[in-house]
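Listed here are the chains, written in short residue letters.
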Amino acid sequence: MKHDRKIIYLAGFLFSIPVALVSYINSSFISSFIGERTVGIVYILGSIGSVLSLLFAPDILKKVGAYKFLLSVILLDSFSFFILASTKSVWTIVAMFVLGFSMNTLIIFSLDELLKIFSKNSVTGKIRGIYLMLCNFAWILAQLAYGTVLGGFSFRTIYLLGFFVMLFFLGISFLGLKRIPEPKYDRVNSLNYMGKFFKNKNLLRAYGINFLLQFFYCWMIIYTPIYLYAHLDFDWKEIGIIFTIMLLPFVFIQLPLGEYSDKIGERKMLVLGFLIASLATISLFFIKIHAVWIWALLLFSTRIGAAIIEVMSDVHFFRHINKENDEFISIYRNATPVSYILAPIVAFIVFYFVPSFNFIFLLLGTFMLYGAYLASTIKNGEI
């Protein structure tokens, strides 16, 4: 069992590298074709694709099995990377971004399902902490590569590099996961399991917390690189250094926090995480200077809060489901594409009314305060 978990840990790490390589350049790459204030529309399309994909994913997974399902979505995702690296057609770029965005979501769903098979509630925090730590370590390596080597390369070269890493990820998954046992999945009608999910107050709260976190990630991933590059004149090597430092909390604190939650629960840490993320994000509104160390420090502070929320949210959710409940995992992960639909719409409205781009940080920080209240409603008997 431990060996199988290690393969899944490695798979999550490898998958995170190409995703991290392109996540912070996607918005700038696409905006070079359609404009920075409308780039959110493409994210909305990708998110709609993800929502629809996750609705059908549990039924497909039950028919073909988790192993074949994972290999299929990796192949499609790899294809999107290759086309983005080679095409010059705007419509093809949009279509491949939508495909890749949807497949990324399904890969995360698949790895969640596989990891849940080998998890016990008594050590859920530790297992999720290790998994998230390794995935986020991949993000740090990707941003470090930007700050040292890749910052001078074209966007298309980065997508091509991501394609080759995806092929390696495919090979590891093909060879290492073929013996994974399939649990006896629950046979539940789609509408019924959605109703069952949202009637459960623990699952509903976990979804709300995850949605707030993904909304935060969406605005940060889409608009922070644009703001730093287009408004404060940072180059991509500087941005790579800033983001490398920014992501360090995900590696250093998530594993000990996961183990900590196994002993005392998640409520206090979730409240603390939302407060830190909120106040640090609000502070970004007031910083308008070109200074790498200031932006690195402040963004680092926002991610301390986000890292706490991420691991505690996952632990809270996975404690309350069984390994057969793959349909619940798909709903929980739907918070990501749903947030990527709503967040750009909200941002588009915000840009229409606010006088300057940096107001998104003020509003986002204020919005995250609600998460502190939501986390405070967790009772001792629910953890």
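It should be noted that the structure appears before, not after, this text.
Residues numbered from 1 in each chain as written. Predicted model: local features only at pLDDT ≥ 70, side-chain atom pairs only at ≥ 80, totals over all residues. Heavy atoms only, no water.

### Thoughts on the overall build of the chain
- Within the chain one finds 16 helices and zero strands.
- Surface exposure of the chain reaches about 15300 Å², of which carbon and sulfur atoms provide 69%. (Helix = DSSP H or I, 4+ residues; strand = E, 2+ residues; numbered from the N terminus. Areas by Shrake-Rupley, 256 points an atom, 1.4 Å probe, with all protein chains shown as cover.)

### Let's talk about the pattern of salt bridges
- Counted by the stated rule, this structure contains two salt bridges.
- A salt bridge links aspartate 112 to arginine 333, with the nearest nitrogen and oxygen atoms 2.4 Å apart. Of the two residues, aspartate 112 is situated in helix H4 (residues 90-117) and arginine 333 in helix H14 (residues 326-333); the sequence distance between them amounts to 221 residues.
- Arginine 333 gets classed as buried once you look at its relative accessible area, which sits at 9%.
- The partner of arginine 333 in a salt bridge is aspartate 314, and the shortest N-O contact between them spans 3.2 Å. With arginine 333 in helix H14 and aspartate 314 in helix H13 (residues 292-318), this pair connects stretches of sequence that are 19 residues apart. (Salt bridge = Lys/Arg side-chain N within 4 Å of Asp/Glu carboxyl O. Buried < 20%, exposed > 50% of the residue type's maximum accessible area, 1.4 Å probe, protein only.)

### Quick notes on the packing of helix H2 (residues 39-64) against helix H3 (residues 66-86)
- In contact at an axis separation of 6 Å, H2 and H3 are set at 120° when each is read in the N-to-C sense. Regarding the angle of H2 to H3, the classification is oblique. Contacts between H2 and H3 involve Ala57, Ile60, Leu61 and Val64 from the first element and Ala66, Lys68 and Phe69 from the second.
- Among the residues making up the contact of H2 with H3, the classes are represented as six nonpolar, no polar and one charged. (Axes fitted to C-alpha atoms, helices over the stretch in contact; angles between N-to-C directions. Parallel < 35°, antiparallel > 145°, perpendicular 65-115°, else oblique. Contact = heavy atoms within 4.5 Å. Nonpolar A, V, L, I, M, F, W, Y, C, P; charged D, E, K, R; others polar.)

### Focus on the packing of aromatic side chains
- Within this structure, the stated rule accounts for 39 aromatic pairs.
- Consider the rings of tyrosine 223 and phenylalanine 357, whose centres lie 6.1 Å apart with planes at 65°: the pair is edge-to-face. On the criterion of sequence distance, the pair formed by tyrosine 223 in helix H8 (residues 201-231) and phenylalanine 357 in the loop between helix H15 (335-353) and helix H16 (359-376) is long-range, its members being 134 residues apart. Accessibility classification places tyrosine 223 together with phenylalanine 357 in one group, the buried group.
- Their ring planes at 85° and their centres at 5.1 Å tell us that tyrosine 352 and phenylalanine 353 sit as a pair that is edge-to-face.
- For tyrosine 352, a relative accessible area of 68% puts it in the exposed group.
- Directly above the ring of phenylalanine 174 sits lysine 178, whose terminal nitrogen or CZ lies 4.8 Å from the centroid. (Phe/Tyr/Trp six-rings, centres within 6.5 Å; stacked < 30°, edge-to-face > 60°. Lys NZ or Arg CZ within 6 Å of the ring centre and 35° of its normal.)

Just distances and angles here, no functional claims.
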